[in-house]
Amino acid sequence: MNGRIFERPVLVKNGQFVVEEIGSLADAFEFLERWPESRRGPIYQTALRACQRAHDGHVSLSVARDAFAGFARSVKILEPVSTALPWMTGAKSGRGGVPA
């Protein structure tokens, strides 16, 4: 499953201040496995099925990623990429590459 990387990661809030990057099918499976059973509903099941189908090669990784993101949105843990990845925006400095 190592080569099954999402085109874009899904960022989820995993606690009040912790943001977790879900960048692959393996990450999605791990997160879904940890999700409390008492909070698993039809959208959770849909995301899990989409990941299983992507793993088996029946749907694309983008379908699994979108289903996982939809699940995260439905349970209000989806974090916008633009606000959560400041280290990916690059240095805003002169020639040295170090922020001023």
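Since the model is a prediction, treat every value here as computed from it, not as a measurement.

A.B. asks: Report on the side chain of E20, specifying residues and quantitative values.
C.D. replies: Tracing the backbone through its elements, the reader meets E20 in strand β2 (residues 19-24). Discounting residues that sit within four places of it in the chain, E20 has contacts with V10, L11, V12, N14, F31 and R34.

A.B. asks: Account for helix α3 (residues 61-74), with residues named and values stated.
C.D. replies: In this model α3 runs 20 Å from its N-terminal to its C-terminal C-alpha over 14 residues, within 8% of the 20 Å that 1.5 Å per residue would give. Buried residues of α3: A64, R65, A67, F68, A69, F71 and A72, and no others. In this structure, the buried side of α3 is in contact with β1 (5-13), β2, α1 (25-34), α2 (42-55) and β3 (78-79). Looking at the residues trailing α3, positive phi occurs at K76, about 60°.

A.B. asks: Explain the sheet that holds β1 to me, using residue names and the numbers behind them.
C.D. replies: The sheet built from 3 strands is open, its strands ordered β2-β1-β3 with antiparallel pairing. Since the sheet does not close on itself, it has two edges, and those belong to β2 and β3, each with one partner. Sheet topology places β1 next to β3; 2 bridges connect them, and they run antiparallel. Bridge assignment links V12 to a residue of β3, and that residue is L78. The strands touched by α3 are β1, β2 and β3; relative to β1, the strand with the most contacts, the crossing angle is about 10°.

A.B. asks: Before we move on, can you summarise unusual backbone geometry with the specific residues and values?
C.D. replies: A positive phi angle, near 60°, is found at K76, a position not held by glycine. Examined against the element boundaries, K76 turns out to sit in the loop between α3 and β3. Residue class for K76 comes out exposed when judged on its relative accessible area of 69%.

What counts and what doesn't
Position labels on residues start from 1 in each chain and follow its written sequence. Selection of residues for local features in this predicted model requires a pLDDT of at least 70, selection of side-chain atom pairs for listing and counting requires 80 or more, and totals for whole chains, interfaces and linings are taken over all residues. Calculated side-chain values reflect all of the structure's heavy atoms, with hydrogen atoms and water omitted. We count a stretch as a helix when DSSP gives it H or I for four or more residues in a row; a strand needs E for two or more, and each element gets its number in order from the N terminus. Two residues qualify as a contact provided that any one of their heavy atoms is within 4.5 Å of a heavy atom in the partner residue. A helix's residues, less one, multiplied by 1.5 Å, set its expected span. When a residue's accessible area, from a 1.4 Å probe over protein chains only, is under 20% of the maximum for its type it is buried; when over 50% it is exposed; and in between it is partly exposed. Here, strands pair whenever DSSP counts at least two bridges between them. Only C-alpha atoms enter the line fits that serve as axes; for helices the fit covers just the stretch in contact. Angles between N-to-C directions range over 0 to 180 degrees.

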